[in-house]
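If you want the building blocks of each chain, they are given just below.
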Amino acid sequence: MSIAENLAWVRERMQAACKRSGRNVDDVRLVAVSKTKPATAIEEAVAAGQTLFGESYVQEFMDKERTVPEAVEWHFVGALQTNKVKYLAGKVALIHSVDRLHLAAEISRQWGKIDRTIDLLIQVNIGQEASKSGTSETELASLVREIATFPNLKIKGLMTLPPYCDDPQEIRPYFRELRRLARHLHDLAIPGVEMRELSMGMTHDFETAIEEGATLIRVGTAIFGERQYKR
Ligand SMILES: *Cc1c(COP(=O)(O)O)cnc(C)c1O
């Protein structure tokens, strides 16, 4: 199957999931996660109408960002080291994976240098897996309060990367929990904090995520095929 065919398949599934759950298709955006895939694959997806891409590795992102000429929107979805934030400044529209104060401080500082603000999501570790990044549920509200005080960023919502389960139904409670946390934070009415975006759902479980309120789904394999290297 070509990338164009894969994209059509994903969009069809998205529409069906929206219909099932009484949601508007325009309220769910597809982030095509192109990590480890060449710029030519991104160009193929662009030709098929996809304009939003997610990357996970800073160096790789920089290489592709230079090569892909089209006006695409880039999101950073992977684990981010503080010392690499400077390479993203002004080049990405949304960072999905902010999980610590120090990282947020550096993001605000780097976007401050170019006199701009950046949108970000707070990554929550719902499964409490030792191997995954994300703030704990118990620390979430205080972290959001602290990050919200930085001048050059805006918190727009939450992101999660739940544990892998063969059965997407087993992941449903994680998605529900992320939505519950977002509603709770919304009710706290922290100045400057919006809880509009829920970034959840990948190749395996994006339909379940849509049913549970995802506004951004991050899909790689179903669009670009299996990855040969890294994760
Ligand atoms: C790789 C990755 C994805 C895409 O995963 P697929 O299972 O290939 O769809 C989504 N989110 C993050 C944070 C990733 O690193």
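All of these numbers come straight from a predicted model, not from anything done at the bench. (Residues numbered from 1 in each chain as written. Predicted model: local features only at pLDDT ≥ 70, side-chain atom pairs only at ≥ 80, totals over all residues. Heavy atoms only, no water.)

## A word on the packing of aromatic side chains
Enumeration according to the criterion identifies three aromatic pairs in this entry. Between W9 and F206, the ring centres sit 6.5 Å apart and the planes meet at 85°, which makes this aromatic pair edge-to-face. Note that W9 is positioned in helix α1 (residues 3–20) and F206 in helix α7 (residues 206–211), a separation of 197 residues in sequence. What makes F206 buried here is its relative accessible area of 1%. (Phe/Tyr/Trp six-rings, centres within 6.5 Å; stacked < 30°, edge-to-face > 60°. Helix = DSSP H or I, 4+ residues; strand = E, 2+ residues; numbered from the N terminus. Buried < 20%, exposed > 50% of the residue type's maximum accessible area, 1.4 Å probe, protein only.)

## Some words on the pattern of salt bridges
Within this structure, the stated rule accounts for 15 salt bridges. The residue E177 makes a salt bridge to R180 at a minimum N-O spacing of 2.9 Å. Taken together, the positions of E177 and R180, both in helix α6 (residues 172–188) and three residues apart, correspond to about one turn of that helix. The residue E194 makes a salt bridge to R196 at a minimum N-O spacing of 2.5 Å. Taken together, the shared-partner salt bridges in this structure form one network comprising R20, R172, R176, R179, E211 and E212. (Salt bridge = Lys/Arg side-chain N within 4 Å of Asp/Glu carboxyl O.)

## Describing the site of the ligand
Around the ligand, the surrounding shell consists of V33, K35, S56, V77, L161, M202, T203, R218, V219, G220, T221 and R227. K35 has a polar side-chain atom sitting 2.6 Å from an oxygen atom of the ligand. In the model, an oxygen atom of the ligand is placed 2.8 Å from a nitrogen or oxygen of the G220 main chain. Contact with the protein chains removes 92% of the 390 Å² of surface that the ligand exposes when unbound. Residues that form the shell around the ligand fall into these classes: five nonpolar, four polar and three charged. (Near = heavy atom within 4 Å. Polar contact = N/O pair within 3.5 Å; in protein donor to acceptor, adjacent residues only side chain to side chain. Areas by Shrake-Rupley, 256 points an atom, 1.4 Å probe, with all protein chains shown as cover. Nonpolar A, V, L, I, M, F, W, Y, C, P; charged D, E, K, R; others polar.)

## Examining the side chain of R172
Tracing the backbone shows R172 in helix α6. In terms of polar contacts, R172 uses its side chain to reach the side chain of E211, at 2.7 Å. A distance of 2.7 Å separates polar atoms of two side chains, one belonging to R172 and the other to E212. Residues in contact with R172, not counting those within four places in the same chain, are T208, E211 and E212. (Contact = heavy atoms within 4.5 Å.)

## Details of the environment of F175
Examined against the element boundaries, F175 turns out to sit in helix α6. For F175, a relative accessible area of 0% puts it in the buried group. Taking the C-alpha atoms as reference points, F175 and T208, separated by 33 residues in sequence, lie 8.2 Å from one another.

## Brief notes about helix α2 (residues 39–47)
Residues A39, A41, I42, A45 and V46 constitute the buried set of α2. All buried residues of α2 fall inside an arc of 155° around its axis, so they share one side. Every exposed residue of α2 that faces more than 90 degrees away from the buried side is listed here: T40 and A47. Elements that come into contact with the buried residues of α2 comprise α1, β2 (52–55), α3 (58–67), β3 (73–76) and α8 (221–224). Downstream of α2 by one or two residues, G49 has phi in the positive range, about 100°. (Arc of directions from axis to C-beta.)

## Remarks on the layout of surface pockets
The gaps of empty space that remain are located by a probe, the size of a water molecule, rolled over the atoms. Counted as a void, the second largest pocket has a volume near 270 Å³. Residue lining of the second largest pocket: 13 residues in total, with R11, V28, R29, L30 and Q50 positioned closest to the centre. Mapped by element, the contributors of at least two residues to the lining of the second largest pocket are α1 and β1 (29–33). It is α1 that contributes the most residues to the lining of the second largest pocket, three residues altogether. Taken together, the residues that form the lining of the second largest pocket break down as five nonpolar, four polar and four charged. (1 Å grid on protein atoms, 1.4 Å probe; cavity = no way out; pocket = protein on both sides within 12 Å on 5 of 7 lines; lining within 4 Å. Points joined across faces, edges and corners; volume = space filled by probe spheres on them.)

## Focus on the pairing of strand β7 (residues 193–199)
Along β7, five of the seven residues are buried, which leaves the element largely enclosed by surrounding structure. Pairing of strand β6 (residues 153–160) with β7, which is carried by four bridges, proceeds in the parallel orientation. In the sheet register, G157 faces β7, and the bridge partner there is E197. After leaving β6, the chain enters α6 and then returns to the sheet as β7, a path that is right-handed. (Pairing = 2+ DSSP bridges. Right-handed = clockwise from strand over helix to strand, strands pointing away.)

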